[in-house]
Amino acid sequence: MSEAVVLIASSLSANLGKRVVLSDISLSLPGGCLVALVGPNGAGKTTLLRALAGLLPSEGTIEVCGDALPSLTLRERARRFAYLPQGHQMHWPLPARDIVALGRYPHGAVDPARLTEQDAAAVMRAMQATDVVSLSDRRVTELSGGERGRVALARVLAVEAPVLLADEPTASLDPRYQIEVVTRLRTAADSGVLVIVVTHDLGLAARFADIVLVLSDGRLVSQGPPAGALSETVIADVFRVRTYRADYQCETVIVPWAEV
Ligand SMILES: Nc1ncnc2c1ncn2[C@@H]1O[C@H](COP(=O)(O)OP(=O)(O)OP(=O)(O)O)[C@@H](O)[C@H]1O
C-alpha cells in the first residue's frame, strides 16, 4: 500500500436532530485500498459515509485528493465520490443501461441516449464488471432485488471516481454474487481506487479488506488490518458475540458464533 493518501478526515463530528451521531473521527486513507466499515446497527456507519462525501453537515475537516471538501463544486464532489446508498430502490422503469449511464452525469453526460464514446466505454466497463450486460434493456423495476443491486453497483463504478463509498452492497445478494461483488470492489481497489464498504459480514471484511474500521456509538474504536482490528476482544466488546476463527487457504475466516 504505497499509494498516496486520498481521503483525510480530522476530528469529524456530526449531529442528527439533537443526537450526537459521530464523535471525533480521524482517518487517513490511501488509494488502492479496500476498507471495510463495520459496527452494530445504529453505530453511525451510514452517517460517516455521508459525512465523508459532504452529503450532510459535519464539524471537523475533510480533504479529498488534496483539496478541502468545501472548496469543491457539487459536480466535482460527485466526480470524486461515487456513492452507493443502502437499499438502492429504483422507482422509474428505465432500462438498466440508462441507470448505469447516470454514473456519467457528473462528467456532463446528461442524456443516456447521447453518450460520448468515452462515457459509453465507461458504462460498458462497469456493466461488464458487474455482469449486467445481459440486463441492458430490461426495466430496472422488473429486476430482482439482487439484479437491481448489481445494476446500482455498475452505476457507481461507471463514475470512475477516486473514492467509492458503498453502503451494504452485498445485502440481498445470493452467496455467489456476494463474493462476486466484493471481488469487483477488490478489483476497483487494486486499480487504485479507495473503496469504503459498509458491511455486517465480518467474514467478508476479514477476508477481503486491507483495513477495517470499527465504529461503535459514533466513535472509531478500532482500525487497521483485519486480524488486529477485528480481534476476538474487539468483536466481543463491540458486537457482544464470540467468534469462530480459522485460517483457510491462507485467508482469515471469522464466523460470529454465540452471544458473549
Ligand atoms: N435523520 C435522523 N435524525 C435523527 N437521528 C438519526 C437520523 N438518521 C439516523 N439517526 C440515528 O443516528 C444513528 C446512526 O445511524 P446510521 O444510519 O448512521 O447507523 P448505521 O451504523 O448505518 O446503522 P445500520 O447498521 O442499522 O444501518 C442511529 O442511532 C440513528 O437512529
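Residues numbered from 1 in each chain as written. Predicted model: local features only at pLDDT ≥ 70, side-chain atom pairs only at ≥ 80, totals over all residues. Heavy atoms only, no water.

By the naming in an unreviewed UniProt entry, the chain goes by ABC transporter related protein and is assigned to Nitrobacter hamburgensis.

Colleague: Explanation requested: the site of the ligand in the structure shown.
Modeller: Within the structure, the ligand sits among 14 residues, and Gly-42, Gly-44, Lys-45, Thr-46 and Thr-47 are positioned closest to it. Within the side chain of Asn-41, a nitrogen or oxygen atom sits 3.0 Å from an oxygen atom of the ligand. One of the side-chain nitrogen or oxygen atoms of Lys-45 is found 2.7 Å away from an oxygen atom of the ligand. When isolated, the ligand has an accessible area of 640 Å², and the protein chains bury 63% of it. When residues of the shell around the ligand are traced back to their parent elements, those giving at least two are strand E2 (19–30) and helix H1 (45–52). (Near = heavy atom within 4 Å. Polar contact = N/O pair within 3.5 Å; in protein donor to acceptor, adjacent residues only side chain to side chain. Areas by Shrake-Rupley, 256 points an atom, 1.4 Å probe, with all protein chains shown as cover. Helix = DSSP H or I, 4+ residues; strand = E, 2+ residues; numbered from the N terminus.)

Colleague: Sorry, what's going on with the domain arrangement of the chain here?
Modeller: Accessible area lost upon the coming together of the parts is a frequently used measure of interface size. Domains assigned within the chain are domain 1 (1–65 + 163–259) and domain 2 (84–161). For domain 1 versus domain 2, the distance between C-alpha centres works out to 25 Å. Domain 1 puts 18 residues into the contact, and the matching count from domain 2 is 13 residues. When domain 1 packs against domain 2, close to 1,200 Å² is buried across both sides, 56% of that on carbon and sulfur atoms. The largest per-residue losses of area from domain 1 upon contact with domain 2 belong to Asp-167, Tyr-177 and Arg-184, which jointly make up 32% of the total buried on that side. Where domain 1 touches domain 2, the interface holds zero salt bridges. Scanning the region where domain 1 abuts domain 2 turns up nine residue pairs in polar contact (both at pLDDT 80 or more). Broken down by secondary-structure element, the contributors of at least two residues to the side of domain 1 that touches domain 2 are strand E7 (163–167) and helix H6 (175–190). If one sorts the elements of the side of domain 1 that touches domain 2 by residue count, H6 sits on top with seven residues. Tallied by class, residues from the side of domain 1 that touches domain 2 come to 11 nonpolar, two polar and five charged. (Domains from an automatic or database assignment. Contact = heavy atoms within 4.5 Å. Buried area = accessible area lost by both parts, 1.4 Å probe. Salt bridge = Lys/Arg side-chain N within 4 Å of Asp/Glu carboxyl O. Nonpolar A, V, L, I, M, F, W, Y, C, P; charged D, E, K, R; others polar.)

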